[in-house]
Amino acid sequence: MKICGGKFFKGGFAIKGYILKRLILLVPLMFAITLFAFFLLKALPGDPVLGLVGERASPEIIESIRKEMGTDKGFVSQYIGYLKLLLKGDLGRSYYTNRDVLTDISLKFPNTMMLAFAAMLVSVPLGIALGFLSALSANRRSRFLEKLIDTISISGLSIPVFWSAIIIMMIFSLKLKLFPPSGTGDIRFLVLPAVVLAIPATATLARVTKTTVIDILKMPYITTARSKGLSLTRINLIHVLRNAIIPIVTIIGLDFGSYLNGAVVTETIFGWDGLGRFTMEGIIKRDYPVIMGCIIVGTVVFVIVNLITDVIYQYLDPRIRLNVKKG
Amino acid sequence: MNYNSRPAISVLITLAFTLLLLSCTSSNRLQGYVYYRLKASPSTLDPALISDVASATIAAKLFNGLVRLKGNLEIAPDIAQKWSISKNGLRYTFFLKKGVQFPNGREVRARDFKYSFERVLNPATKSPNTWVFDKVEGVREFLEGRAGEVKGFKVKSDYVFEIILKKPFSPFLSMLTMTPAYVVPREEVEKWGVDFSSHPSGTGPFTLKEWLPDRELLLARRTDYFDGNSRVRGIAYRIIAEDLTAVTEFELGNIDVIALPASAYSRFKNDRKWSRYIISREGLNTYYLGLNSSRPPFNDPELRRAVSYAIDREKILNTFYEGRGKLAVGPVPDLLRKWDIKTPVRYDPKLAGKIIRDKGLKGMKVDMYVSADKEVVDLAEIIQAYLARVGINVNIKQLEWSAYKEAVNKGEPDMFWLSWWADYPDPENFLFPLFHSRNIGAGGNRVRYINKEVDSLIEKGQYSVNEKKRDYFYQKAEEIIIKDSPWVFFWHKTDYVITQPWIRGCRVYPVYSMDKGMEIKTDLAVN
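Residues numbered from 1 in each chain as written. Chains lettered and ligands numbered in written order. Predicted model: local features only at pLDDT ≥ 70, side-chain atom pairs only at ≥ 80, totals over all residues. Heavy atoms only, no water.

## Observations regarding the overall build of chain A
Next up, step 1: Looking only at helices and strands, chain A has 13 helices and zero strands in total.
Next up, step 2: Reading the helices (α) and strands (β) of chain A from amino to carboxyl end gives α-α-α-α-α-α-α-α-α-α-α-α-α.
Next up, step 3: By principal-axis analysis of the C-alpha atoms, chain A measures approximately 85 × 60 × 30 Å.
Next up, step 4: Within chain A, the proportion of its 327 residues that are buried is 48%.
Next up, step 5: For chain A, restricting intrachain contacts to residue pairs at least 6 apart in sequence, the fraction spanning at least 24 positions comes to 74%.
Next up, step 6: In the form shown here, chain A has an accessible surface area of approximately 16400 Å², with 71% of it arising from carbon and sulfur atoms.
Next up, step 7: Computing the positive centroid from 37 side-chain charges and the negative centroid from 20, chain A places the two 16 Å apart. (Helix = DSSP H or I, 4+ residues; strand = E, 2+ residues; numbered from the N terminus. Buried < 20%, exposed > 50% of the residue type's maximum accessible area, 1.4 Å probe, protein only. Contact = heavy atoms within 4.5 Å. Areas by Shrake-Rupley, 256 points an atom, 1.4 Å probe, with all protein chains shown as cover. Lys, Arg positive; Asp, Glu negative; His and termini not counted. Charge placed at Lys NZ, Arg CZ, Asp CG, Glu CD.)

Okay, here's the thing in structure tokens:
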């Protein structure tokens, strides 16, 4: 098998077309997603107006607020009204705070992005390193290291986030007084939530890396490389890592995409002012414009992250051809 | 030293240094500010629109009304220095203090009150609080668009404001202490439009300095407040959703005052270092198990009483609830009740069992709805166990809060767990909304209880100007309600607050509007 090198990818034009096409596909996707989300929201029990008006509002006022919000109309006309607003690039105003949803999201998204990046910064190198180490020690006679890493990664996967968040807060904030337990701001506030968020991601990455690397180590081309007398570092870095990178990038892309949609529990516990907490508050209060806004932004972000992952595949492995012509 | 280990060591040293640099030795506190915690960001600070306690607590520091509540819940002057009520109880005349200013320097006049109150009633404002003024003459006509102004709000002169009621209504003055009765400057309201809710401007001892939604809200002291100056430079509210995080922030000294969450109560109470900094006050609230009285099986008062007999509420209060409240004998909190209840419903499981057997209802099935809150669900299971002993099988249904509220308002459940908190300190606030047949459903009477005699007694109480007579009617109404038992009366919850040692003058107030931030003081010096 030819190990990749040389041309990274052919045809800048084709890839541009591919990206454009994927972005155009976003339109029907958005349509389907908004329709589905809208339907679900309306099907759920609970009335946003009742939460809004407190305990003793008169029925006339409740009715007039329903009218103002448009929740008194039928499903179809409400949905059409929402689409019209959406086409103008307007996500509406929150029922509760009366603030512009798009403005709020644009204030919170950078925080969520920061948290997602910080978490990836921890989980990607750590996860890959642990996975690699575990895979390499799997072939040794003493498999202590492998078992240790496996135990760590299984624990990382199975410990619920709210628990690890609390423990980490107790140790690093309350006892050691190293980091503030909550708040949004500079890097001091970022460390604990990023670490908590990185724990399951590191564990997943370690496991995926391990199984992939073990498979690759059994391949004939590794044997060839060894018999050629190449150094272990060279074999591992160029031959193994290069071939293991696709599933790893897939996992990173998925994790990153989901983090960008906000980590609800982590953000709530650490008081991080991100999209996750914002979405959660919206859901609890039945604040439809907020929920819809978050779903729409979340969908766009997820699609874009996936698109970027796909494009990266081609850079990393020229055997993968993005399906440009056939569609 | 092995040559190869050097990079590893240098990495470790760099890491240690970074950690040291990052570690939170310095605090971000503002000098002279007292730090509170809020569970959620307030939704609005426009007094006309506020309907939640968190927002109302903050609004109390930004605004004033004609009158306010003081110390022992008596009504005291606020912007009105004195007032008189006509003998027939219809005409309220308020004499305003001179020199009370909005932050923009303009003096408050009687016409500002007329504007502010009509603004609450104006359908365009969409205020959920129009009920506060619905006893005022001409309100109906104004609401229906048949009149351009409310006849009952009269500007007699720059400093004399008069309110005329349609019928005498005894709790009216105490209702004027509520958030929607605060005065707002017309020019600022018109300048900001819908955004007035995030740019509030009032006569209060503080002004809004900064509001980062979902993070922090800062109030700065005004130096020209008409009632003296606050002893703190400002108040900071940090918005922390999670109780455990808030307690951690408190323990680290980043927050000065927190309402003690139930989960942390016994830990602080049993800690000698902290227990003396806990302040408590019996709250103006009643927690109850509501029984849907509009349909079988609980349209039978005797069966409802049997449910009350079957549950040992005192034991639940002292064990499960750790004594964080006072046993309720009726809907009206003891703080407001000036009479004795002679016939409370006591724990008597034998009698409960007998009633249920005699009616042939042993093994009956009922649905109990609760909100999906851990403490409430645990409590529901205790109630379930007590009722199972007397032959009632309870099926517990957990619903998310807004779905729960909708179901309860519609009268879906047979039983439900809820509480009622005072808006103004008057027994009427615990009788009329909750048991008058006019308020069935979202109005407050969620048990759908109808008793013509109770209706008429409550109304008579509302109309009596004479306090003794009024109490007589309320007492009679409450006695019938206790006998009919549409609620199983549980407790009046005590509010607990814990403060840092450097905080002085902190008090717990039974009504949210009472704390204007004037008494609290901090001795903490921040560098």
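Here the narrative resumes.
## Structural notes on the overall build of chain B
Next up, step 1: Along chain B, the regular secondary structure elements total 17 helices and 20 strands.
Next up, step 2: Expected size for 527 residues packed as a compact globule is a radius of gyration near 24 Å; at 26 Å, chain B falls within 12% of this value.
Next up, step 3: Taking the principal axes of the C-alpha coordinates as reference, chain B spans close to 90 × 70 × 40 Å.
Next up, step 4: A buried classification covers 57% of the 527 residues belonging to chain B.
Next up, step 5: Pairs at least 24 residues apart make up 70% of the contacts formed inside chain B by residues separated by at least 6 positions.
Next up, step 6: Carbon and sulfur atoms provide 51% of the accessible area of chain B, an area that totals close to 22200 Å².
Next up, step 7: Separation of charge centres in chain B, based on 78 positive and 63 negative side chains, amounts to 3 Å. (Rg over C-alpha atoms; globule rule 2.2 N^0.38 Å.)

## Some details on the interface of chain A and chain B
Next up, step 1: In this complex, chain A contributes 47 residues to the contact, which on the side of chain B involves 48 residues.
Next up, step 2: Both sides together, the interface formed by chain A and chain B hides about 4100 Å², and carbon and sulfur atoms give 56% of it.
Next up, step 3: Three residues, A:Glu55, A:Arg56 and A:Arg188, lead the burial of chain A against chain B; their summed loss comes to 19% of the area buried on that side.
Next up, step 4: On the surface where chain A and chain B come into contact, there are four salt bridges.
Next up, step 5: A salt bridge links A:Asp273 to B:Arg215; the shortest N-O distance between them is 3.0 Å.
Next up, step 6: At the junction of chain A with chain B, the criterion picks out seven residue pairs in polar contact (both at pLDDT 80 or more).
Next up, step 7: Looking at the side of chain A that touches chain B, the elements that each hand over two or more residues are helix 2 (48-53), helix 3 (59-69), helix 5 (101-138), helix 7 (161-175), helix 8 (187-217), helix 11 (264-269) and helix 12 (275-285) of chain A.
Next up, step 8: Sorting elements by how many residues they give to the side of chain A that touches chain B places helix 7 of chain A first, with five residues.
Next up, step 9: Here the side of chain A that touches chain B is composed, by residue class, of 22 nonpolar, twelve polar and 13 charged. (Buried area = accessible area lost by both parts, 1.4 Å probe. Salt bridge = Lys/Arg side-chain N within 4 Å of Asp/Glu carboxyl O. Polar contact = N/O pair within 3.5 Å; in protein donor to acceptor, adjacent residues only side chain to side chain. Nonpolar A, V, L, I, M, F, W, Y, C, P; charged D, E, K, R; others polar.)

## Quick word on the environment of B:Asp378
Next up, step 1: Summarising the element assignment, B:Asp378 is placed in helix 13 (residues 374-389).
Next up, step 2: A polar contact is formed between the side chain of B:Asp378 and the side chain of B:Lys374, at a distance of 2.9 Å.

## Quick word on the packing of helix 12 of chain A against helix 13 (residues 288-316) of chain A
Residues and elements named next belong to chain A.
Next up, step 1: Viewed as axis vectors pointing N to C, helix 12 and helix 13 meet at an angle of 140°, and their least axial separation amounts to 8 Å. Taken together, the axes of helix 12 and helix 13 are oblique relative to one another. With respect to the hand of their crossing, helix 12 and helix 13 are arranged in left-handed fashion. Residues Phe 278, Thr 279, Gly 282 and Ile 283 of helix 12 touch helix 13, and the partners they reach there are Val 290, Ile 291 and Cys 294.
Next up, step 2: Partitioning the contact of helix 12 with helix 13 into residue classes produces five nonpolar, two polar and no charged. (Axes fitted to C-alpha atoms, helices over the stretch in contact; angles between N-to-C directions. Parallel < 35°, antiparallel > 145°, perpendicular 65-115°, else oblique. Left-handed = near helix turned anticlockwise from the far one by under 90°.)

## Looking at the packing of aromatic side chains
Next up, step 1: Enumeration over the complete set of coordinates arrives at 38 aromatic pairs over all chains.
Next up, step 2: A connected cluster of aromatic rings, assembled from ring pairs, spans A:Phe31, A:Phe38, A:Phe39, A:Phe75, A:Tyr79 and A:Tyr82.
Next up, step 3: The ring of B:Phe95 has B:Lys82 lying over it, and the distance from NZ or CZ to the ring centre is 5.0 Å.
Next up, step 4: One residue, B:Lys98, lies across the ring of B:Tyr159, its end atom 5.0 Å from the ring centre. (Phe/Tyr/Trp six-rings, centres within 6.5 Å; stacked < 30°, edge-to-face > 60°. Lys NZ or Arg CZ within 6 Å of the ring centre and 35° of its normal.)

## Side note on the sheet that holds strand 5 (residues 91-96) of chain B
Residues and elements named next belong to chain B.
Next up, step 1: Strand order across the open sheet formed by four strands is 4-5-7-6, with antiparallel pairing between neighbours. A single partner strand is all that each edge strand has here, and the edge strands are strand 4 (80-85) and strand 6 (153-157). Averaged over all pairs of adjacent strands, the angle between their axes in this sheet comes to 20°, without regard to strand direction.
Next up, step 2: Two elements, strand 4 and strand 5, share five bridges in a ladder whose sense is antiparallel. (Pairing = 2+ DSSP bridges.)

## Focus: helix 8 (residues 262-269) of chain B
All names here are of chain B.
Next up, step 1: Of the residues making up helix 8, those classed as buried are Ala 264, Tyr 265 and Phe 268. Each buried residue of helix 8 lies within a common arc of 130° when the element is viewed along its axis, so the set occupies one face.
Next up, step 2: Where helix 8 is buried, its residues contact helix 7 (243-251), helix 9 (272-275), strand 12 (278-282) and strand 18 (487-499). (Arc of directions from axis to C-beta.)

## Considerations on helix 3 (residues 110-121) of chain B
Residue and element names in this part refer to chain B.
Next up, step 1: Taking 1.5 Å per residue, twelve residues should reach 16 Å; helix 3 reaches 17 Å between its end C-alpha atoms and fits that length.
Next up, step 2: Among the twelve residues of helix 3, eleven are classified as buried, and the element is accordingly described as predominantly covered.
Next up, step 3: Those residues of helix 3 that sit buried are Ala 110, Asp 112, Phe 113, Lys 114, Tyr 115, Ser 116, Phe 117, Glu 118, Arg 119, Val 120 and Leu 121.
Next up, step 4: Of the surrounding elements, those touching the buried residues of helix 3 are strand 5, helix 4 (139-143), strand 6, strand 7 (160-164) and helix 6 (186-192). (Expected span 1.5 Å × (residues − 1).)

## Re the pattern of salt bridges
Next up, step 1: Enumeration over the complete set of coordinates arrives at 49 salt bridges over all chains.
Next up, step 2: Measuring nitrogen to oxygen at the nearest pair gives 2.6 Å for the salt bridge that ties B:Glu144 to B:Arg146.
Next up, step 3: The class for B:Arg146 is exposed, based on a relative accessible area of 56%.
Next up, step 4: With a shortest N-O distance of 3.0 Å, B:Lys354 and B:Asp358 are connected by a salt bridge. Of this pair, B:Lys354 and B:Asp358 both sit in helix 12 (residues 349-358), four residues apart, roughly one helical turn.
Next up, step 5: Accessibility expressed as a relative area gives 43% for B:Lys354, which makes it partly exposed.
Next up, step 6: It is possible to trace a salt-bridge network through shared partners that takes in A:Lys108, A:Asp273, B:Asp214 and B:Arg215.

## Comments concerning the pairing of strand 7 of chain B
Residues and elements named next belong to chain B.
Next up, step 1: Burial analysis of strand 7 places five of its five residues in the buried class, which makes it a mostly covered element.
Next up, step 2: Where burial is concerned, the two faces of strand 7 agree: the one with Val 160, Glu 162 and Ile 164 and the one with Phe 161 and Ile 163 are both buried.
Next up, step 3: In this structure, strand 5 lies alongside strand 7, joined through five bridges in antiparallel fashion. Directly across from Thr 93, in strand 7, lies its bridge partner Glu 162.
Next up, step 4: Across four bridges, the pairing between strand 6 and strand 7 is antiparallel. By the bridge assignment for strand 7, Val 155 is matched with Phe 161.

## Examining the environment of B:Asp112
Residues and elements named next belong to chain B.
Next up, step 1: With respect to the helices and strands, Asp 112 occurs in helix 3.
Next up, step 2: Separated by 188 residues in the primary sequence, Asp 112 and Asp 300 place their C-alpha atoms 51 Å from one another.
Next up, step 3: Apart from the residues within four sequence positions on either side, Asp 112 is in contact with Phe 102, Arg 106, Glu 107, Val 183 and Val 184.

## Some points on the nonpolar core
Next up, step 1: Counting 74 residues, the largest nonpolar core has B:Leu289, B:Val307, B:Ile311, B:Met415, B:Trp417 and B:Phe490 as the members making the most contacts within it.
Next up, step 2: Looking at this core element by element, the count peaks at seven residues for helix 13 of chain B.
Next up, step 3: Residues in contact with B:Val307, not counting those within four places in the same chain, are B:Leu289, B:Leu291, B:Phe298, B:Leu387, B:Ile392, B:Met415 and B:Val488.
Next up, step 4: By size, the runner-up hydrophobic cluster in this structure holds 68 residues, among which are A:Phe38, A:Leu50, A:Ala57 and A:Ile216. (Core = buried A, V, L, I, M, F, W, Y, C linked by side-chain atoms within 4.5 Å.)

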